[in-house]
Amino acid sequence: GQQVMQIPQYQHVQEGEDFTTYCNSSTTLSNIQWYKQRPGGHPVFLIQLVKSGEVKKQKRLTFQFGEAKKNSSLHITATQTTDVGTYFCAGLNNQAGTALIFGKGTTLSVSS
Amino acid sequence: NAGVTQTPKFQVLKTGQSMTLQCAQDMNHEYMSWYRQDPGMGLRLIHYSVGAGITDQGEVPNGYNVSRSTTEDFPLRLLSAAPSQTSVYFCASSYSTPGGAMNTEAFFGQGTRLTVV
């Protein structure tokens, strides 16, 4: 079945450093979504990418969708303590089914 | 709008007991799903539904039942609780395409923390 792999599992950075998490799918995706979960909270939607090679920015966050629509990345520039949490990618393959499959997430910690 | 509401927030069960985790949404979303979250395992799909009367299995359906009699509600039933079902359970909902595929952001409930002893 469809699998979504995400690396790294954990990342610790000093405040002000950059951070990147990568997501790879075993199948071609219809779209990919990114979520953030704060400690003790629930996943909250960040963005959805649909087009091959798409790049979207939200302030210090940059999201990319690969040309083959099988990989994606989230890059945070100049991390802040408010960026702490777990970032999940979630892939959707509309042709293979209707379920959203999550990666295992990257947990980011930031020290000031 | 309340969004996605899950009850209870916390629950302790004894092995072998049964219970129902409730999930309700007031956004008229067709697509609803249940995930469990365990340390280091991410969010794993248990069951999902593309509309009232329609349900399907996800990655880890064993030991769980669901039904979708209304658009608003999607309860998850644990038939005979086991310690391996100790987890945090999240319900999510979304709009879907005419074909039933989830196509937009998923809204998550606050979660139910379940412990089976």
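Attention here is on the structure that accompanies the text. Everything numeric here is computed off the predicted structure, so don't read it as measured data.

A word on the nonpolar core
- Counting residues in hydrophobic clusters, the biggest one holds 37 residues, and the most contacted among them are A:Trp34, A:Tyr35, A:Phe63, A:Phe102 and B:Phe108.
- Sort the elements by how many residues they give to this core and strand β9 (residues 85-92) of chain A lands first, with 5 residues.
- Each residue touching A:Phe63, except ones within four places of it in the same chain, is listed here: A:Trp34, A:Leu46, A:Ile47, A:Leu49, A:Glu54, A:Val55, A:Lys56, A:Gln58, A:Ser73 and A:Leu74.
- Grouped together as the second largest cluster of nonpolar side chains are 19 residues, B:Leu13, B:Trp34, B:Phe74 and B:Ala81 included.

Re the pairing of β9(A)
All names here are of chain A.
- Of all 8 residues in β9, 8 are buried; the element is thus mostly enclosed.
- In this structure, strand β4 (residues 31-37) lies alongside β9, joined through 7 bridges in antiparallel fashion. In the sheet register, Trp 34 faces β9, and the bridge partner there is Cys 89.
- Here 3 bridges tie β9 to strand β11 (residues 106-111), and the two strands are oriented antiparallel to one another. Along β11, the bridge assignment pairs Thr 86 with Thr 107.

Considerations on the packing of aromatic side chains
- Overall, the coordinates contain 12 aromatic pairs over all chains when judged by the stated rule.
- Measuring from ring centre to ring centre gives 5.6 Å for A:Tyr35 and A:Phe45, while their planes differ by 75°; the resulting arrangement is edge-to-face. Taken together, the residues span a long stretch of sequence, with A:Tyr35 in strand β4 and A:Phe45 in strand β5 (residues 44-49) at a distance of 10 residues.
- According to the relative accessible area criterion, A:Tyr35 is buried, its value standing at 0%.
- Through successive ring pairs, a cluster of aromatic residues spans A:Tyr35, A:Phe45, A:Phe88, A:Phe102, B:Tyr35, B:Phe90 and B:Phe108.

Overview of the state of the cysteines
- In the structure shown here, the tally under the stated rule is 2 disulfides over all chains.
- Across a sulfur-sulfur distance of 2.0 Å, A:Cys23 and A:Cys89 are joined as a disulfide pair. In this structure, the disulfide formed by A:Cys23 and A:Cys89 twists by about 75° around the S-S bond and is classed as right-handed. Of this pair, A:Cys23 sits in strand β3 (residues 19-25) while A:Cys89 sits in strand β9, and the two are 66 residues apart along the sequence.
- Looking at A:Cys23, the relative accessible area reads 2%, which means it is buried.
- Disulfide pairing places B:Cys23 opposite B:Cys91 at an S-S distance of 1.9 Å. Around the S-S axis, the bridge from B:Cys23 to B:Cys91 shows a dihedral of about -70° and counts as left-handed. Here B:Cys23, found in strand β3 (residues 19-25), pairs with B:Cys91, found in strand β9 (residues 87-94); they are 68 residues apart in sequence, far enough to count as distant.
- Under the relative-accessibility criterion, B:Cys23 is labelled buried at 1%.
- The exposure class of B:Cys91 is buried, given its relative accessible area of 0%.

What to know about unusual backbone geometry
- The linkage connecting A:Ile7 with the following residue, A:Pro8, adopts the cis geometry, with an omega of -5°.
- Residue placement: A:Pro8 occurs in the loop between β1 (4-7) and β2 (10-14).
- The residue after B:Thr7, namely B:Pro8, is reached through a cis peptide bond having omega -5°.
- Within the element layout of this structure, B:Pro8 appears in the loop between β1 (4-7) and β2 (10-13).

Parameters and conventions
Positions within a chain are numbered from 1, following the residues in the order the chain's sequence is written. Labels follow written order: the first chain is A, the first ligand is 1, and so on. Side-chain atom pairs in this predicted model are given and counted only at pLDDT of 80 or more, local residue features only at pLDDT of at least 70, and totals for whole chains, interfaces and linings cover all residues. Heavy atoms throughout the structure, all of them, feed into the side-chain values; hydrogens and water do not. For the purposes of this section, nonpolar cores are sets of buried Ala, Val, Leu, Ile, Met, Phe, Trp, Tyr and Cys residues that join through side-chain atoms within 4.5 Å. Each residue is assigned to one of three classes by its accessible area relative to the maximum for its type, calculated with a 1.4 Å probe on protein chains only: buried under 20%, partly exposed between the two thresholds, exposed over 50%. Here a strand is any run of E in DSSP of at least two residues, a helix any run of H or I of at least four, and the numbering for each starts at the N terminus. Contacts: residue pairs with any heavy atoms within 4.5 Å of one another. For two strands to be treated as a pair, DSSP must find no fewer than two bridges joining them. Any two of the Phe, Tyr and Trp rings considered here, Trp counted by its six-membered ring, make a pair once their centres fall within 6.5 Å; the pair's planes then place it as stacked at under 30 degrees, edge-to-face at over 60, or tilted in between. Cysteine sulfur pairs qualify as disulfides if the two atoms are within 2.5 Å.

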